[in-house]
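Summary of structural features
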Amino acid sequence: MRFLFLILVAVAIAGVTYPFVGDFSLFADAALWIYSLVAAFLIDKAIARRRELKASVNVELARLRHIYHVAEQLPKPFQKKVAALLLAYERKIASEFISHHESTGAFRALSHEIYSFAPRTKKEVVLYADLMQTLQDLTLGRQKIQVELMGGLYAYDWFLLLVILAGLLILLFFPAEHLAPLARLGLAFITVLVILIPME
């Protein structure tokens, strides 16, 4: 919402001040400010995504450690299998973190081993319920990490940046008397796009 407000204010200032100023460079300056605001917003969004990714990875590691510690309280054969599968999963992630989805096979092997465990005592039932909840949280966390890794600029972000940059270049390199109506139309078009196409 703050992004939309900044763009609308910049467009409004450019539109209101243009008729009173003979020099067309003010219009180009407004377009430059709009481009700068959009670029700054997208950079801020990318930094926020990286922070979220780091937090998600830390949460995933904590859940993996929790699974290991809970499995230590269960029968030795199960504990050894889970420990080996956790190690295989962590190695897979460490070697191909950017391709996080490549670790799906190792994660499925781990989850299958946990699903196939049959608790016998009340203690094992409680511990198994904890394992299942942690595994469910881990599964949801993996989806979040995969989405965050695919992050980058969305098509709408690139489109907006390129349209504003094209408008700015046109304003800077062509004679002002031919572009005044076209420039107003271009800024109006950008404003309509920003209002009609929802930002994520």
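Residues numbered from 1 in each chain as written. Predicted model: local features only at pLDDT ≥ 70, side-chain atom pairs only at ≥ 80, totals over all residues. Heavy atoms only, no water.

**Description of the overall build of the chain**
Along the backbone of the chain there are seven helices and zero strands. Walking the chain from its N terminus toward its C terminus, one meets helices and strands in the order α-α-α-α-α-α-α. The burial tally for the chain puts 35% of its 200 residues in the buried class. Contacts in the chain between residues at least 24 apart in sequence constitute 76% of all its contacts with a sequence separation of at least 6. With the model as given, the accessible surface of the chain reaches about 12200 Å², and the carbon-plus-sulfur share is 69%. (Helix = DSSP H or I, 4+ residues; strand = E, 2+ residues; numbered from the N terminus. Buried < 20%, exposed > 50% of the residue type's maximum accessible area, 1.4 Å probe, protein only. Contact = heavy atoms within 4.5 Å. Areas by Shrake-Rupley, 256 points an atom, 1.4 Å probe, with all protein chains shown as cover.)

**Overview of the packing of aromatic side chains**
For the structure shown, the criterion picks out three aromatic pairs. When the centroid spacing of 5.6 Å and the interplanar angle of 50° are considered together, the rings of Y89 and F107 count as tilted. Here Y89, found in helix α3 (residues 76-95), pairs with F107, found in helix α4 (residues 104-115); they are 18 residues apart in sequence, far enough to count as distant. With respect to burial, Y89 and F107 carry one shared label: buried. Taking 5.8 Å as the distance between ring centres and 45° as the angle between the ring planes, the aromatic pair formed by F117 and Y128 counts as tilted. You can see F117 sitting in the loop between α4 and α5 (122-149) and its partner Y128 sitting in helix α5, a full 11 residues away along the chain. Y128 shares its class with F117; the two are buried. Aromatic ring contacts, followed pair by pair, group F78, F117 and Y128 into a single cluster. Over the aromatic face of F107 sits the side chain of R142, whose NZ or CZ is 4.7 Å from the ring centroid. (Phe/Tyr/Trp six-rings, centres within 6.5 Å; stacked < 30°, edge-to-face > 60°. Lys NZ or Arg CZ within 6 Å of the ring centre and 35° of its normal.)

**Points about α3**
In a regular helix each residue adds 1.5 Å, so 20 residues correspond to 28 Å; α3 covers 28 Å between its end C-alpha atoms and thus fits that length. Turning to α3, its buried residues number three or more, namely F78, Q79, V82, L86, Y89 and I93. Buried positions in α3, seen along its axis, are confined to an arc of 95° and lie on one side of it. Exposed and facing more than 90 degrees away from the buried side of α3 are K76, P77, K80, R91, A94 and S95. (Expected span 1.5 Å × (residues − 1). Arc of directions from axis to C-beta.)

**So, the packing of α4 against α5**
Across the interface, α4 lies against α5 with an axial gap of 10 Å and an inter-helix angle of 165°. If you check the angle between α4 and α5, you find them roughly antiparallel. In the crossing of α4 with α5, the sense of the turn from one axis to the other is left-handed. Counted together, T104, F107, S111, I114 and Y115 of α4 and Y128, L131, M132, L135, L138, T139, R142 and Q146 of α5 form the full contact between these two elements. Residues that form the contact of α4 with α5 fall into these classes: eight nonpolar, four polar and one charged. (Axes fitted to C-alpha atoms, helices over the stretch in contact; angles between N-to-C directions. Parallel < 35°, antiparallel > 145°, perpendicular 65-115°, else oblique. Left-handed = near helix turned anticlockwise from the far one by under 90°. Nonpolar A, V, L, I, M, F, W, Y, C, P; charged D, E, K, R; others polar.)

**Let's talk about α4**
Between its first and last C-alpha, α4 extends 16 Å over 12 residues, near the 16 Å set by a 1.5 Å rise per residue. By the burial criterion, the buried members of α4 are A106, F107, L110, S111, E113 and I114. Angular distribution of buried residues about the axis of α4 spans 155°; they occupy a single face of the element. Facing away from the buried side of α4, by more than 90 degrees, are the exposed residues R108 and H112.

**A short note on the nonpolar core**
Ranked by internal contacts, the top residues of the largest apolar core, which has 20 residues, are I67, F78, V82, I114 and L131. Contributing elements (two or more residues each) for this core: α2 (25-71), α3, α4 and α5. Counting five residues, the second-largest nonpolar core is a separate cluster that includes V38, F41, L42 and L160. (Core = buried A, V, L, I, M, F, W, Y, C linked by side-chain atoms within 4.5 Å.)

**Some points on the packing of α3 against α4**
The N-to-C vectors of α3 and α4 enclose an angle of 160°; their axes lie 8 Å apart at closest approach. What the angle tells us is that α3 and α4 run roughly antiparallel. As α3 runs across α4, the sense of the crossing is left-handed. Every residue of α4 that contacts α3 at F78, K81, V82, L85, L86, A88, Y89 and K92 is listed here: A106, F107, A109, L110, E113 and I114. When its residues are assigned to classes, the contact of α3 with α4 shows 11 nonpolar, no polar and three charged.

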